[in-house]
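Fold and geometry: a report
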Amino acid sequence: MTSKTIRGKTIGGKAIVGKTIVGAGLAVALLAAIASTALADDTAELAELSPDGKDACFGRIYDAAHLKLHPNQKVGRIFFYYGSDPVSHPNEEPSSGPSGYNGFLATTVRGAKKPEWVGGWCGKGDPQSGEIHCGMECDRTMALLNVDEKGRLIVSGVHRNLYLDAGAEDELGETEFARQALGTEDDGFRLDRMPGETCKAEFARIDPVDPALGAPLRERLKPDQPFCYGRDYDAAHLGSHPDQLTHTIRVFRGPIELAAFAKDGETASWPDGADIEVSVTTRQSAARVTQSYSCDGEADQWRCVASGRTSDFSCDIAAREIYLRRGANGTMMLANPNSSLPIVDLCSKAAEGETASDDKVYRLEPMPQAACAL
């Protein structure tokens, strides 16, 4: 089970890197409720972090000289925020309401463009101790906190697998674990107190909304409304892209998909559980082939897994995934990094591995619903 982490993602190329939140089930939900309730009384006792009872921020950005002296420290930026959720939900993930967490840690390793982060519950297990313990789901430790005589926050007890699954070292092997994990010197951080807005700005770097792209798909596309996006490629385009198989493509939700979501879906969890249809024709065949997918919001994209709802398959198609993301000027981007569109037989050798043809990323235009009618 993973803690609440968000790591960098892209829809072109290798679509998902690292971990995202997964449904943790009733047991974890109850754990979160119990832990947040138990620590609610502790919050007022953590005057070391927040003497005035307001949200508190601590951070540090390491300079080149420090990092040169500590070659095994990967973290170049680190911020700890004590208070209400500074992250909220990412662009395309459904809102889960207040997190119940009261401690949030964000770190950016050398060369990374965005921070990684975790949230947890902070409190004193021993009222006589000055040490504050911050725990995460699945009985994991986020960090141990102390405040020194100068008011700086000492962050210790940070495990190298903070952003990885428990047992990742055995699963990944020594070399890969060393690449993905924090460094051997990533502990014992000494952070300065900073304005709360500084931490909010840092956490906003995790999944920034690009104003040029407009509203996220989960806001643009309503759970009770149909939509149709597509593109018809002309001879000139196909002539300049000889390795592209797709001639026409449509992505849509119609009456069947709307009825299915109305019956089994939850509007508050939109777009999780949203069914879509993708229909294509190819250079080789003008016959329209349609495939169903079931989508979930994941960071700044929808992850849509091929479904057997409308077809029978001789293989497991659960790994056949496409990704939707909002594009500029009201367009929709569709990524097909691993041969998951019905331009090929999803159970054939041609569908194994990364997409070999020039059919990896599509820019789709909004179309009248009639253009997607079967």
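Scope of this entry: the structure provided in the associated data block. Nothing here was measured: the structure is a model prediction, and the numbers come from that model.

What follows covers the overall build of the protein chain. The secondary structure content of the protein chain amounts to eight helices and 16 strands. Looking at the protein chain residue by residue over its 374 residues, the buried ones come to 46%. Within the protein chain, contacts between residues at least 6 apart in sequence are counted, and of these 60% link residues at least 24 apart. With an accessible surface of roughly 17900 Å², the protein chain has 53% of that area assigned to carbon and sulfur atoms.

Turning next to unusual backbone geometry. Omega for the peptide link from Trp270 to Pro271 comes to 10°, which places this bond in the cis form. Within the secondary structure layout, Pro271 lies in the loop between helix H8 (255–264) and strand E11 (274–282). Positive phi is not limited to glycine here, since Asn329 has a value of about 55°. Here Asn329 is to be found in the loop between strand E14 (321–326) and strand E15 (332–335). Phi is positive for Ser339, which is not a glycine, with a value near 50°. With respect to the helices and strands, Ser339 occurs in the loop between E15 and strand E16 (361–366).

With that settled, consider H8. The periodicity of an α-helix, 3.6 residues per turn, causes residues three or four positions apart to be oriented the same way. Among the residues making up H8, those that are buried are Glu257, Leu258 and Phe261. One side of H8 carries all its buried residues, which in axial view fall inside an arc of 100°. Facing away from the buried side of H8 by over 90 degrees, the exposed positions are Pro255, Ile256, Ala262, Lys263 and Asp264. Buried-residue contacts for H8 involve strand E10 (246–253) and E11.

Here we come to a negative patch on the surface. A cluster of acidic side chains, namely Glu169, Asp170, Glu171 and Glu174, defines a negative patch on the protein surface. Looking at the negative patch element by element, the count peaks at three residues for helix H3 (residues 168–172). Structurally, the position occupied by Glu169 is in helix H3. The partly exposed category is assigned to Glu169, whose relative accessible area is 47%.

Sheet architecture is closed into a barrel: eight strands sit in the order E9-E10-E11-E12-E13-E14-E15-E16, paired in antiparallel fashion. Pairwise comparison of adjacent strand axes, ignoring direction, gives a mean angle of 30° for this sheet. Pairing geometry for strand E9 (residues 227–232) and E10, over six bridges, is antiparallel. Pairing of Arg231 across the sheet is with Ile249, part of E10. Along the sheet, H8 contacts E10 and E11; its crossing angle with E11, the most-contacted strand, is approximately 160°.

The rules behind these values
- Residues numbered from 1 in each chain as written.
- Predicted model: local features only at pLDDT ≥ 70, side-chain atom pairs only at ≥ 80, totals over all residues.
- Heavy atoms only, no water.
- Helix = DSSP H or I, 4+ residues; strand = E, 2+ residues; numbered from the N terminus.
- Buried < 20%, exposed > 50% of the residue type's maximum accessible area, 1.4 Å probe, protein only.
- Contact = heavy atoms within 4.5 Å.
- Areas by Shrake-Rupley, 256 points an atom, 1.4 Å probe, with all protein chains shown as cover.
- Arc of directions from axis to C-beta.
- Patch = residues over 30% accessible without salt bridge, like charges linked within 9 Å, V, L, I, M, F, W, Y side chains within 5 Å.
- Salt bridge = Lys/Arg side-chain N within 4 Å of Asp/Glu carboxyl O.
- Lys, Arg positive; Asp, Glu negative; His and termini not counted.
- Charge placed at Lys NZ, Arg CZ, Asp CG, Glu CD.
- Pairing = 2+ DSSP bridges.
- Axes fitted to C-alpha atoms, helices over the stretch in contact; angles between N-to-C directions.

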